[in-house]
Amino acid sequence: MKGRGRNAPCWCGSGKKFKKCHLGRDAQPKGNPWDAVNVNRKAFSQKKCCARDVGLGDCDGSVIKAHTVSRGPNLTKIAKDGHVLHYVASISDMNKNGGKLSVKKIGIKDASVFHGFCSKHDRELFSCIENEVFTGRPDQCLAVAYRTMSRELYEKDAGAHLRETLREADKGLKPFEQFMLQQMLDEIDTGNEAARRELKATHDALTNALVDVRLDTIRSVVFEFAAPLPFMFAGAWSPFTDLHGGELQKGYADELLEQIFVSSFAGNSSATICVSWRNIDDAPGHVIADQLLALPDDQRALACLQFVMKHVENVFFNPDWFQALDVKQRERLNQLAADGLDPMGSVPSMPVHLDVDFQLPASARSFQV
C-alpha cells in the first residue's frame, strides 16, 4: 500500500480509487458486524422460482416456502409437538457458545425451507414425492435430486453477494489485517463462484432431464429399513473422498465437480434412504453407493448418518432420540457437524468411523434404480 497514488485503483479490487476506498481505513470507525448478517438474511429470503423459463411451463401463484425435507410425509414422523432438532451455526449462537455449534428446536413448518419454487411448479414437479409413498421409482428419484440441487444452487446464488457485503468489514483494522481479511474474502468468493458453476451445470442437466422425461439421467441406490429412522435429511455435495478417505475428485479450479444426492423418507413403521448421482462413467456417487452396499446391513444407516452430518445442513432429529444420546454419541455428532464448517471451504477431513453404536435399524432390502 505504501506509495500507492491516491487516484490509483484500490489494491483490494473494489474498482474504486484508492482515496475513495482503503486510504486511511485504519483510522475509520469499525462497522457493525450485524449489518452483514442482516444482508445475508435478506439474500437467503429472496423469492425466485428455480423452474422459471426453463421449459417446465409458466409459473403460477406466488413463490412459496419449499421444503427439501418434506414436511407431511417425513418431518411429522420424527417431530415432537410439531418440532424437530437441528444443528445451528449462526454467528450469534456461536458467539454465545464459545464458537461451538448449538442444537435448537425448529417447527416443522420452517424446517428445511427455501423460497425456491412457485406454488404451481412445487405442486406439479414434486407431487410424486409429496403425495405418494416413496418407493424408489425413477421419476421420484429424479424429482428428489432436482429439488435438492435447486436448494444448493439457491444458497450459492444467495452467497454471491458476500464479497461485496463484507468488503468494508476491515474498517478500523491495521493495514496488514486489512490485507489478510480481503485476501480471505477473495478466496471465499473464488470457491463460491467455482461451486456455483458446477452446481449450475448439474442443475441444468437435471432440468433438461425433467423437460425431456429422461429418467435415466441419474442412477440411484435405495436402502429400505423395516423400522423408523430417528432423523431425516436431504442434501447434495461434491465429494472429494469416499467413505474410507480415498480420493474421488481433485477439485482443480477449472474442474466441474460431480455431486452426490442423498435423501431419507419416513413410512409409518419403516424408512428409506436414497443415494443418487448423475449417470456418467466413474461417478463419485456410484463409488460411494457401492461402498454402502458392501457394508453389513446393520451399519448402513450409521454410515449414512455420519456421512451426511459432515456434508449436509438439512439434518433433523427426533427430539426424544437426540436427548437420549449418551456423551460419546453426542460428541461424535458434534465433531462431524463441526467438521463441515469452514468459511474457507476446505473439505471435511474427519473419517467416518462405525465404532459408535447409535442403535439404528438394519436395512431390510436394497436395490438399484
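Before reading on, note that the structure itself is shown above.
This text gives an overview of the structure that appears in the document. (Residues numbered from 1 in each chain as written. Predicted model: local features only at pLDDT ≥ 70, side-chain atom pairs only at ≥ 80, totals over all residues. Heavy atoms only, no water.)

What about the overall build of the chain?
A tally of regular secondary structure across the chain gives 11 helices and 10 strands. For the chain, the proportion of its 369 residues judged to be buried stands at 46%. In the chain, 74% of the contacts between residues at least 6 apart in sequence involve partners at least 24 apart. Per element, the accessible surface of the chain, about 18,000 Å² overall, is 50% carbon and sulfur. (Helix = DSSP H or I, 4+ residues; strand = E, 2+ residues; numbered from the N terminus. Buried < 20%, exposed > 50% of the residue type's maximum accessible area, 1.4 Å probe, protein only. Contact = heavy atoms within 4.5 Å. Areas by Shrake-Rupley, 256 points an atom, 1.4 Å probe, with all protein chains shown as cover.)

Points about helix α8 (residues 284-294)
What α8 keeps buried is the set P284, G285, I288, A289, Q291 and L292. Projected down its long axis, α8 carries its buried residues within an arc of 160 degrees, all on one side. Structurally, α8 contributes buried residues whose contacts are with β5 (218-225), β7 (260-266), β8 (271-278) and α9 (300-311). (Arc of directions from axis to C-beta.)

Describing the pattern of salt bridges
Within the structure shown, the criterion is met by 21 salt bridges. Among the salt bridges present, the one from R52 reaches D53, with a minimum N-O distance of 3.7 Å. A single burial state applies to R52 and to D53, both of which are exposed. Between K65 and D110 there is a salt bridge, with the nearest N and O atoms lying 3.1 Å from each other. In this pair, K65 is assigned in strand β1 (residues 63-67) and D110 in the loop between β3 (102-107) and β4 (113-118), connecting sequence segments 45 residues apart. D110 sits in the partly exposed class, given a relative accessible area of 42%. Residues participating in the shared-partner salt-bridge network are K48, D157, E193 and R196. (Salt bridge = Lys/Arg side-chain N within 4 Å of Asp/Glu carboxyl O.)

Topic: the side chain of E198
Here E198 lies in helix α7 (residues 175-212). In this structure, E198 is buried with no salt-bridge partner, the nearest side chain bearing the opposite charge being R197 at 7.1 Å. E198 has contacts with S238, E255, L256, L257 and Q259, leaving out every residue within four places of it along the chain. (Lys, Arg positive; Asp, Glu negative; His and termini not counted.)

Some details on a nonpolar patch on the surface
Nonpolar side chains collect at one region of the surface, where F176, F179 and M180 lie side by side and expose about 320 Å² of accessible area between them. Among the structural elements, M180 can be located in helix α7. (Patch = residues over 30% accessible without salt bridge, like charges linked within 9 Å, V, L, I, M, F, W, Y side chains within 5 Å.)

Description of the state of the cysteines
Two cysteines, two sulfur atoms, one covalent bond between them: this is a disulfide. Under the counting rule described, the total for this entry stands at zero disulfides. Sulfur of C12: no disulfide; nearest cysteine sulfur belongs to C21 and is 3.6 Å away. In this structure C12 comes out as buried when scored by relative accessible area, which is 5%. The cysteine C59 is free of any disulfide, with C49 supplying the nearest cysteine sulfur at 3.7 Å. (Disulfide = S-S within 2.5 Å.)

Quick word on the environment of C118
For C118, the position within the fold is in strand β4. Residue classification places C118 among the buried positions, given a relative accessible area of 1%. For the pair C118 and A51, spaced 67 residues apart in sequence, the C-alpha to C-alpha distance is 8.3 Å. Discounting chain neighbours no more than four positions away, the residues touching C118 are C49, C59, D60, G61, S62 and V63.

Re the environment of H353
By the secondary structure assignment, H353 is in the loop between α11 (327-339) and β10 (363-368). Put simply, H353 and Q306 are 47 residues apart on the chain and 8.0 Å apart in space, counted from C-alpha to C-alpha.

Points about the packing of aromatic side chains
One pass over the structure, following the stated rule, counts 15 aromatic pairs. Their ring planes at 40 degrees and their centres at 6.3 Å tell us that W11 and F179 sit as a pair that is tilted. A residue pair is termed long-range when its members are at least 10 positions apart, and W11 in the segment before α1 (33-43) and F179 in helix α7 qualify at 168 residues. For F179, a relative accessible area of 37% puts it in the partly exposed group. Arranged with centres 6.0 Å apart and planes meeting at 75 degrees, the rings of F114 and F117 form a pair that is edge-to-face. The exposure classification of F114 matches that of F117, with both residues buried. Among the aromatic residues, those joined into a ring-pair cluster are Y87, F231, F233, F317, W321, F322 and F358. Taking NZ or CZ as reference, R147 lies 5.1 Å from the ring centre of F126, over its face. (Phe/Tyr/Trp six-rings, centres within 6.5 Å; stacked < 30°, edge-to-face > 60°. Lys NZ or Arg CZ within 6 Å of the ring centre and 35° of its normal.)

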